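# Breakdown of the fold
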Amino acid sequence: RQPYRIEFVPDPVCWTEAPADMATLGSQRRRWHRGLWESLWRHRSMMLRRRYGAVGMLALPYCLVFEFASPLMEAAAWIAFPIGIGLGVIDVEIVFAYIVVAWLFGTVITLIACGLEERGYRHYRRGRDLRRMLVAALFENMWFRQLVDIYRLQGIWDLARRRDGWGTMKRRGF
């Protein structure tokens, strides 16, 4: 019940240094996933409570199911898929078609988001940089997403082992 003010910046600008190697990327993503859980746990009393509006009814449940639990669900699918094929209960052609459609959908969404960002802000001054980003968007759902899911699963494993500490991130500078 204290007075407060919420301000909004419509076009925030924030720069961060991306990890320079895979080990640092893995460490970062494990930390982020543990941090997500810590935040969800700290605010668990808000979960599915109408008095907290969209945060309690939508944002926190979304983060729990689609952000925190998604690597567990995807790992379960990677395990269940070959078992289902072996048992003959999965139609490989339908699953393959689904995977292709999901990949195309994810790629199109990424390309649209990148296109809108570029149209509005023109961050890529060299055409070569924009082309490289668009090519990366084609392959993001083929290996990078799975790699990040492995790191996120390691973060869950760290939580289960009650591993604390954020560690350090190697930085090169801009």
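Residues numbered from 1 in each chain as written. Predicted model: local features only at pLDDT ≥ 70, side-chain atom pairs only at ≥ 80, totals over all residues. Heavy atoms only, no water.

### Observations regarding the packing of helix α3 (residues 70–87) against helix α5 (residues 127–160)
The geometry of α3 relative to α5 is characterised by a closest axis approach of 9 Å and an angle of 115 degrees between their N-to-C directions. As far as their axial angle goes, α5 and α3 are roughly perpendicular. For α3 against α5, the interelement crossing comes out left-handed. Contacts from Ser70, Pro71, Leu72, Glu74, Ala75 and Trp78 of α3 reach α5 at Arg145, Gln146, Asp149, Arg152, Leu153 and Ile156. (Axes fitted to C-alpha atoms, helices over the stretch in contact; angles between N-to-C directions. Helix = DSSP H or I, 4+ residues; strand = E, 2+ residues; numbered from the N terminus. Parallel < 35°, antiparallel > 145°, perpendicular 65-115°, else oblique. Left-handed = near helix turned anticlockwise from the far one by under 90°. Contact = heavy atoms within 4.5 Å.)

### What about the packing of aromatic side chains?
Counting across every chain of the model gives 4 aromatic pairs. Note on tryptophan 37 and tryptophan 41: the rings are 5.9 Å apart at their centroids and 25 degrees apart in plane angle, and the pair reads as stacked. Pair noted here: tryptophan 37 and tryptophan 41 are both in helix α1 (residues 22–42), with a separation of 4 residues, about one helical turn. For tryptophan 37, a relative accessible area of 27% translates into the label partly exposed. An aromatic cluster of at least three residues, connected via ring pairs, comprises Trp37, Trp41 and Phe68. (Phe/Tyr/Trp six-rings, centres within 6.5 Å; stacked < 30°, edge-to-face > 60°. Buried < 20%, exposed > 50% of the residue type's maximum accessible area, 1.4 Å probe, protein only.)

### Here's the deal with the layout of surface pockets
Roughly 1100 Å³ of internal volume is contained in the largest pocket. Listing elements by their share of the lining of the largest pocket, those giving two or more residues are α1, α2 (53–68), α3, α4 (92–121) and α5. A per-element tally of the lining of the largest pocket places α5 first, with 9 residues. For the lining of the largest pocket, the residue count by class is 16 nonpolar, 5 polar and 7 charged. Of the voids in this model, the second largest pocket is the one considered here, and its volume is about 960 Å³. Taken together, 26 residues make up the lining of the second largest pocket; nearest its centre are Ala18, Tyr124, Met133, Ala136 and Phe144. Of all the secondary-structure elements, those providing two or more residues to the lining of the second largest pocket are α1, α4 and α5. Broken down by element, the residue count for the lining of the second largest pocket peaks at 9 residues, all from α5. When the residues that make up the lining of the second largest pocket are grouped by side-chain class, the tally is 15 nonpolar, 4 polar and 7 charged. (1 Å grid on protein atoms, 1.4 Å probe; cavity = no way out; pocket = protein on both sides within 12 Å on 5 of 7 lines; lining within 4 Å. Points joined across faces, edges and corners; volume = space filled by probe spheres on them. Nonpolar A, V, L, I, M, F, W, Y, C, P; charged D, E, K, R; others polar.)

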